[in-house]
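Chains, contacts and geometry: an overview
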Amino acid sequence: MAMSIPEFDAMDDVESIKAALDRAGCAVIKGVQAPAEVNRVKAELDGFMSELRVVNDDSPEEFYPARTRRLPAVLARSSGSHAMALNETIDALCWHHLGDNCERFHLHVSAALEIGPGAREQILHREEDPFQFFSLPRPNLVLATMWAMTDFTKLNGATLLVPGSHRWPTQRKAHADEIVKAEMPSGSVLIWLGGTLHAAGANISDHWRYGVILSYSLGWLRQEENQYLDLPPNLAASMSDDIKALVGYPMHGSLGFYDPRVSEPSFSG
Ligand SMILES: O=C(O)CCC(=O)C(=O)O
């Protein structure tokens, strides 16, 4: 029998959200963004999203299903997304779930994700799967958030979660009745730990489901999205210190030194 996804409102006490995430490995918070904030981010990303080519030929082995749109580098393209990335509740959850294993956390992935009518279900996976060197259950390495830009419904591809799977050993597989759909209205945010099994749902409706994923990882881990290329220094220069710190420009202990004099080619050939 499936565990449900704990649900909260934006005004709820963060301590209860921390406890729910510890227990279930996932949680939904409703009413985090006002419609105007959602619309601003959508408008800023709209031109980039509409340029993406949508693939119609599907192969069941492909990690990313066809009939979807995926746009990385969200912070470089939408200033409205900065408040999402720096949200205070998410910051407190990251410190709670990642803070014991690092001096600071950084942005791991940013992407706008649209699931179109006819898109199949994605393969269940864990955000921490790139870090196979640790056996399951791993220490907390990643915390992920999915911001609902449209309603997420049973029919339109709401994210699938397996509550409790963040504590499972390698051999434990999810049964169909343990998989739950993260239904939530636009303006909500779904949070899950890097060890929690999840996937994009199938869209059997006639409209697109739109979410923005922002994930965070320990400040000494390689980021899944190369943040220094997706938010290069010339763009980062005009952004707040908090955003520069979040993408990982400051050092983590002795990691990440550089020579600021190396900005122009100093030799040819
Ligand atoms: O779109 C979703 O609901 C989940 C996406 C996801 O897990 C992925 O793209 O890896």
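Residues numbered from 1 in each chain as written. Predicted model: local features only at pLDDT ≥ 70, side-chain atom pairs only at ≥ 80, totals over all residues. Heavy atoms only, no water.

So, about the sheet that holds strand E9 (residues 198–199). An order of E7-E6-E9 is seen for the three strands of this open sheet, with the pairing classed as antiparallel. Edge strands, defined here as strands with exactly one partner in the open sheet, are strand E7 (180–181) and E9. (Pairing = 2+ DSSP bridges. Helix = DSSP H or I, 4+ residues; strand = E, 2+ residues; numbered from the N terminus.)

Counting buried residues in strand E2 (residues 26–30) gives four out of five residues, a clear majority hidden from the surface. Judged from the three bridges that link them, strand E1 (residues 7–9) and E2 form a sheet pairing that is parallel. Across the sheet, residue Phe8 finds its bridge partner in E2, namely Ile29. Crossover E1 to E2 through helix H1 (residues 14–24) is right-handed. (Buried < 20%, exposed > 50% of the residue type's maximum accessible area, 1.4 Å probe, protein only. Right-handed = clockwise from strand over helix to strand, strands pointing away.)

Once that is clear, we can look at the layout of surface pockets. Here the largest pocket is characterised by a volume of approximately 440 Å³. Lining the largest pocket are 25 residues, and of these Phe63, Tyr64, Arg70, Glu127 and Ile213 sit closest to its centre. Within the residue set of the lining of the largest pocket, elements represented by two or more residues are strand E3 (68–72), strand E4 (105–115), E9 and strand E10 (209–218). Ranked by the residues each element gives to the lining of the largest pocket, the list is headed by E4, at four residues. Across the lining of the largest pocket, the residue classes break down as 13 nonpolar, five polar and seven charged. (1 Å grid on protein atoms, 1.4 Å probe; cavity = no way out; pocket = protein on both sides within 12 Å on 5 of 7 lines; lining within 4 Å. Points joined across faces, edges and corners; volume = space filled by probe spheres on them. Nonpolar A, V, L, I, M, F, W, Y, C, P; charged D, E, K, R; others polar.)

Glancing now at the environment of Leu214. With respect to the helices and strands, the residue Leu214 is situated in strand E10. Residues Leu214 and Val262, spaced 48 residues apart in sequence, show a C-alpha to C-alpha distance of 31 Å. Filtering out sequence-adjacent residues up to four positions away, Leu214 remains in contact with Leu75, Met84, Ala85, Leu107, Val109, Ser110, Leu143, Ala144, Thr145 and Trp147. (Contact = heavy atoms within 4.5 Å.)

Bringing the site of the ligand into the picture now. Every residue near the ligand is listed here: Phe63, Tyr64, Arg70, Leu113, Gln122, His125, Met146, Thr159, His198, Ala200 and Arg209. Side-chain polar atom of Gln122 to an oxygen atom of the ligand: 3.4 Å apart, as the coordinates give it. Arg209 is positioned such that a nitrogen or oxygen atom in its side chain is 2.8 Å from an oxygen atom of the ligand. Considered on its own, the ligand offers 300 Å² of accessible surface; in the complex 95% of this is hidden by protein. The cavity where the ligand resides is the largest pocket. Counted by class, the shell around the ligand contains five nonpolar, four polar and two charged residues. (Near = heavy atom within 4 Å. Polar contact = N/O pair within 3.5 Å; in protein donor to acceptor, adjacent residues only side chain to side chain. Areas by Shrake-Rupley, 256 points an atom, 1.4 Å probe, with all protein chains shown as cover. Sits in = over half its atoms within 2 Å of the grid points.)

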